[in-house]
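# Tertiary structure, described
Read off the chains here:
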Amino acid sequence: MEMQLDVQKLKQLRESKAWSQSQLSDVAGISLRTVQRIEKSGTASPESVMSICSAYDIQTNDLIKKEEPSVDMPPTFLNVVRYKIEHMNIKETLVSFSVVFIIVFILTV
């Protein structure tokens, strides 16, 4: 039975340790191909999940993808922006704010 993992969190954990996929595979004791497949598809066997969690010293529940509750909010511009910002990773957020800053700077000059 395959488990669905939070791919973004999995990648963030690996990057926080400055590990390559190969290093994670060595530490977790699973193949490089398995790590690549898991990071791409988000699905993994319970054994692979346990190995990865052991490598990071975290609980299995920390990697399981949680269903986001459906939120009924009107699709106003501000709500859409707020939702997008809350669901971005740090790199995407920094790039977005940089682009907005540049555009505002150009428009004010």
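Coordinates for the structure precede this section.
Residues numbered from 1 in each chain as written. Predicted model: local features only at pLDDT ≥ 70, side-chain atom pairs only at ≥ 80, totals over all residues. Heavy atoms only, no water.

## Let's talk about the overall build of the chain
Looking only at helices and strands, one finds six helices and two strands in the chain. Along the chain, helices (α) and strands (β) appear in the sequence β-α-α-α-β-α-α-α when read from the amino end. Relative to a compact globule of 109 residues, whose C-alpha radius of gyration would be 13 Å, the chain shows 18 Å and is clearly more extended. With the principal axes as the frame, the chain shows a C-alpha extent of 55 × 35 × 20 Å. Here the chain, with 109 residues, has 24% of them falling under the buried criterion. Excluding contacts between residues fewer than 6 apart, the proportion of contacts in the chain whose partners are at least 24 apart in sequence is 64%. Split by element, the accessible area of the chain, about 8100 Å² in all, is 61% carbon and sulfur. If you average the places of the 12 positive and of the 13 negative side-chain charges in the chain, the two averages end up 5 Å apart. (Helix = DSSP H or I, 4+ residues; strand = E, 2+ residues; numbered from the N terminus. Rg over C-alpha atoms; globule rule 2.2 N^0.38 Å. Buried < 20%, exposed > 50% of the residue type's maximum accessible area, 1.4 Å probe, protein only. Contact = heavy atoms within 4.5 Å. Areas by Shrake-Rupley, 256 points an atom, 1.4 Å probe, with all protein chains shown as cover. Lys, Arg positive; Asp, Glu negative; His and termini not counted. Charge placed at Lys NZ, Arg CZ, Asp CG, Glu CD.)

## A word on helix 1 (residues 7-16)
Buried residues of helix 1: Leu 10, Leu 13 and Arg 14, and no others. Angular distribution of buried residues about the axis of helix 1 spans 95°; they occupy a single face of the element. Looking at the buried residues of helix 1, the elements they touch are helix 2 (21-28), helix 3 (32-41) and helix 4 (46-56). Between the side-chain oxygen at the start of helix 1 and the backbone nitrogen of Gln 8 there is a gap of 3.2 Å, and the oxygen is on Asp 6. Positioned one or two residues after helix 1, Ala 18 has a phi angle of 60°, which is positive. (Arc of directions from axis to C-beta. Polar contact = N/O pair within 3.5 Å; in protein donor to acceptor, adjacent residues only side chain to side chain.)

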